[in-house]
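Structural overview
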Amino acid sequence: QQPVQSPQAVILREGEDAVINCSSSKALYSVHWYRQKHGEAPVFLMILLKGGEQKGHEKISASFNEKKQQSSLYLTASQLSYSGTYFCGTVVSSGSARQLTFGSGTQLTVLP
Amino acid sequence: DAGVIQSPRHEVTEMGQEVTLRCKPISGHNSLFWYRQTMMRGLELLIYFNNNVPIDDSGMPEDRFSAKMPNASFSTLKIQPSEPRDSAVYFCASSRPIDSATYNEQFFGPGTRLTVL
């Protein structure tokens, strides 16, 4: 089942902060975040693993609440280059599952 | 590193024709994923391979779709016969060997934009 992302779209000025949320109805093993610019392929940003380990981007942070099955991506002091569509991908807690199920995306526009 | 390579980048075909999309994963990666992206349905996983073996094809829409991975450096996604509703961007992605403790990031190719008239 597809995770739910919110908001669907956000517009902000350069230097402002944004938070993108991702929630699942299933228990999660990990949450992945990707960014896709228009006409390009998705690019990996971050993985959050059960137990708190994170791997990812220097200037973008995220949290993973295992109990609530939610993750949030924090974009602070946004830059023009942050514009794009952000997808969360979830991996359920299963030993055999490798696949990501992506949310519908959050379109972020950063204006000068 | 050349990244994931997909061909063709654009394909326009007529309904009923066979379409073959190609993917070369990053060398050393042993997992390969085929995704379809549309405005209506977002980014959907169609099938994924681990060590050239199809692991989960539950996302393949119907029998018109088939995928193969004859070796570690090549995969194809075939649609036969194609229909207008197959129009989408098809992405191939690969990832490094996955151990039991972590899930590695996926590296996406540039995609193939398919238009079925």
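Further up the page is the structure itself.
Residues numbered from 1 in each chain as written. Chains lettered and ligands numbered in written order. Predicted model: local features only at pLDDT ≥ 70, side-chain atom pairs only at ≥ 80, totals over all residues. Heavy atoms only, no water.

1. A short note on the side chain of Ser31 of chain B
Residues and elements named next belong to chain B. Spelled out, the test is: Numbering of helices and strands runs from the N terminus; a helix is a DSSP stretch of H or I covering at least four residues, while a strand is a stretch of E covering at least two. Burial classes: relative accessible area under 20% of the type maximum marks a residue as buried, over 50% as exposed, and values in between as partly exposed (1.4 Å probe, protein chains only). Polar contacts, as used here, are pairs of N or O atoms within 3.5 Å; protein pairs need one atom able to donate a hydrogen and one able to accept it. Residues neighboring in sequence count only if both atoms are side-chain atoms.
Within the secondary structure, Ser31 is located in strand S4 (residues 31–38). On the basis of relative accessibility, which here comes to 1%, the residue Ser31 falls in the buried class. At 2.7 Å, the side chain of Ser31 and the side chain of Asn50 are in polar contact.

2. Describing the nonpolar core
Quick note on the threshold: Among buried residues, the Ala, Val, Leu, Ile, Met, Phe, Trp, Tyr and Cys ones that are joined through side-chain atoms within 4.5 Å form a nonpolar core.
Ranked by internal contacts, the top residues of the largest apolar core, which has 21 residues, are Trp34, Leu77 and Tyr90 of chain B. Every element with two or more residues in this core is listed here: strand S3 (19–24), S4, strand S5 (42–50), strand S7 (65–71), strand S8 (74–79), strand S9 (88–95) and strand S11 (112–116) of chain B. Within the second largest apolar cluster, 20 residues are counted, among which are Leu12, Trp33, Cys88 and Leu108 of chain A.

3. A closer look at the packing of aromatic side chains
Basically, it comes down to this: For this analysis, a ring pair means two rings from Phe, Tyr or Trp (six-membered ring only for Trp) whose centres lie within 6.5 Å, classed as stacked if their planes differ by under 30 degrees, edge-to-face if by over 60, and tilted for the remaining angles.
In total, this model carries 10 aromatic pairs over all chains according to the counting rule given. On the basis of an interplanar angle of 85° and a centroid distance of 6.3 Å, the ring pair of Phe87 of chain A and Phe102 of chain A is categorised as edge-to-face. Here Phe102 of chain A lies in strand S10 (residues 101–102) and Phe87 of chain A lies in strand S9 (residues 84–92), a separation of 15 residues in the sequence. Judged by its relative accessible area of 3%, Phe87 of chain A is buried. Where Phe102 of chain A meets Phe108 of chain B, the ring centres are 6.4 Å apart and the plane angle is 65°; that geometry is what we call edge-to-face.

4. A closer look at the sheet that holds strand S8 (residues 70–75) of chain A
Residue and element names in this part refer to chain A. Defined as follows: We call two strands paired when DSSP finds no fewer than two bridges between them. Here, axes are lines fitted to C-alpha atoms. For helices the fit covers the stretch in contact, and angles between N-to-C directions go from 0 to 180 degrees.
One open sheet holds the 4 strands; their spatial order is S1-S3-S8-S7, and the pairing between them is antiparallel. Each end of this open sheet is capped by a strand with a single partner; those strands are strand S1 (4–6) and strand S7 (60–65). Going from strand to strand, the sheet's axes swing by 15° on average, the running direction of each strand aside. With 6 bridges joining them, strand S3 (residues 18–23) and S8 adopt antiparallel strand pairing. Bridged to Cys22 within S8 is Ser71.

5. Description of the pattern of salt bridges
Residues and elements named next belong to chain B. To keep things clear, this is the line we draw: One side-chain nitrogen of Lys or Arg within 4 Å of one carboxyl oxygen of Asp or Glu is enough to make a salt bridge.
Considering all chains together, one arrives at 9 salt bridges over all chains under this definition. Glu44 is paired through a salt bridge with Arg41; the nearest N and O atoms lie 2.8 Å apart. Among the residues examined, Glu44 registers a relative accessible area of 16% and is labelled buried. Assessed through its relative accessible area of 53%, Arg41 is described here as exposed.

6. Overview of the pairing of S8 of chain A
All names here are of chain A. Direction of pairing for S7 relative to S8: antiparallel, over a ladder of 6 bridges. From the neighbouring strand, Phe64 faces S8, where its bridge partner is Ser71. Linking S7 to S8, which pair antiparallel, is a turn of 4 residues; within it Gln69 sits at a positive phi near 55°.

What is shown is where atoms sit, not what they do.
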